[in-house]
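# Notes for the structure review
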Amino acid sequence: MEHLDALVELGLGIHRRLNEECLKLRQSRVDRSDVSFWYLANHLGRRFLRDAQELLGPLTPLGAGVWRVAHLHRSLILVSGRMVPVDRDSLAVHALAVEPEEQKRTLVNVLRQNLDLWPTYAAWLAGAYPALAKEIADMGKTKSKKKFVFDFRPFFEEVGWKEVIRQVGIKSFIDEVGLSQIVAQLTPQQRQVLQLLLQKTPPEQ
């Protein structure tokens, strides 16, 4: 239950700062009834829900895997990701959850039926579930005359290139991209630094 305490404390702080900004801008304050705190987890078991109810009061089911409880005149929403039905509106929840195999297939089917969601979710699902990457790519080829390309930029921006190269290995990265391609992208200043480093590096025996 410490997680719920931390969530509420964080939410109260955000609400307080939001109203401070509203005051500075001479805007209306955000009422308590207009604020909701969301607790999303991969799975909320019976024990957790029982303890949450003892701590907060009766939980009102809002649908499969979603409950609401009033707390400090605000709404606290509990979400058990794997229990939420897979559909267009719940893809964001399932992208954060560890899904069983059957659920993964359902995610792909939802993408197949909602082509406009590919730019947002296809690359993420392919990265989270590598076994489905080829299936998603083939699905894109059959639905479009143009070759379907994953947009991994949001993933790299979040994880960082250092972590990607650490896992792949710098040699594998250079072999795949090509040293000439890498050098061609360097600025004149970066090339000078590289040249100095090469001059200082002793040749291999």
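What you are looking at is a predicted structure, and each value in this text was computed from that prediction instead of being measured.

## Here's the deal with the sheet that holds strand β1 (residues 36-41)
Taken together, 4 strands build an open sheet; the order of strands is β1-β4-β3-β2 and the sheet is mixed. At either end of the open sheet lies a strand with only one pairing partner, and these are β1 and β2 (60-63). For this sheet the average axis-to-axis angle between neighbouring strands, irrespective of direction, equals 25°. Across the face of the sheet, helix α1 (residues 2-24) comes into contact with β1, β3 (66-71) and β4 (74-80) while running at roughly 145° to β1.

## Some points on helix α2 (residues 46-56)
Of all the residues in α2, the buried ones are Phe48, Leu49, Ala52 and Leu56. One side of α2 carries all its buried residues, which in axial view fall inside an arc of 95°. Facing away from the buried side of α2, by more than 90 degrees, are the exposed residues Arg46, Arg47 and Glu54. In this structure, the buried residues of α2 make contact with α1, β1, β3 and β4. Just downstream of α2, Gly57 is the residue with a positive phi angle, here 115°.

## Some words on the packing of helix α8 (residues 161-168) against helix α9 (residues 170-177)
Between α8 and α9, the shortest axis-to-axis distance is 6 Å and the interhelical angle comes to 95°. Between α8 and α9, the interaxial angle falls into the category roughly perpendicular. Residues Trp161, Ile165 and Val168 of α8 pack against Ile170, Ser172 and Phe173 of α9.

## Quick notes on the side chain of Ser90
Examined against the element boundaries, Ser90 turns out to sit in the loop between β4 and α3 (91-95). For Ser90, the contacting residues outside a window of four places in its chain are Val84 and Pro85.

## As for the nonpolar core
With 16 residues, the main nonpolar core has Leu4, Tyr39, Leu44, Phe48, Leu49, Leu76 and Leu78 as its most contacted residues. Looking at this core, the elements that each hand over two or more residues are α1, β1, α2, β3 and β4. Tallying contributions element by element places α2 first for this core, with 4 residues. Residues within four places of Leu49 in sequence aside, it is in contact with Leu44, Leu59, Trp67 and Leu78. Within the second largest apolar cluster, 8 residues are counted, among which are Val86, Leu91, Leu107 and Leu111.

## Some words on the confidence of the model for the protein chain
On average, the protein chain scores 80 in pLDDT, and the residues at 70 or more come to 79%. Taken element by element, the protein chain is modelled with least confidence in helix α6 (residues 133-143), mean pLDDT 61, and with most confidence in β2, mean pLDDT 94.

## Here we look at the pairing of β4
Look at any regular strand and the pattern is simple: side chains alternate between the two faces of the sheet. Judged by how many residues are buried, β4 sits mostly within the fold: 7 of 7 residues are covered. Residues of β4 alternate between two faces, with Arg74, Leu76, Leu78 and Ser80 on one and Ser75, Ile77 and Val79 on the opposite face, all of them buried. Of the strand pairs in this sheet, β1 and β4 are connected by 6 bridges, and their pairing is parallel. Its bridge partner being in β4, Trp38 is matched across the sheet by Ile77.

Calculation rules
- Residues numbered from 1 in each chain as written.
- Predicted model: local features only at pLDDT ≥ 70, side-chain atom pairs only at ≥ 80, totals over all residues.
- Heavy atoms only, no water.
- Pairing = 2+ DSSP bridges.
- Helix = DSSP H or I, 4+ residues; strand = E, 2+ residues; numbered from the N terminus.
- Axes fitted to C-alpha atoms, helices over the stretch in contact; angles between N-to-C directions.
- Contact = heavy atoms within 4.5 Å.
- Buried < 20%, exposed > 50% of the residue type's maximum accessible area, 1.4 Å probe, protein only.
- Arc of directions from axis to C-beta.
- Parallel < 35°, antiparallel > 145°, perpendicular 65-115°, else oblique.
- Core = buried A, V, L, I, M, F, W, Y, C linked by side-chain atoms within 4.5 Å.
- pLDDT = per-residue confidence, 0-100.

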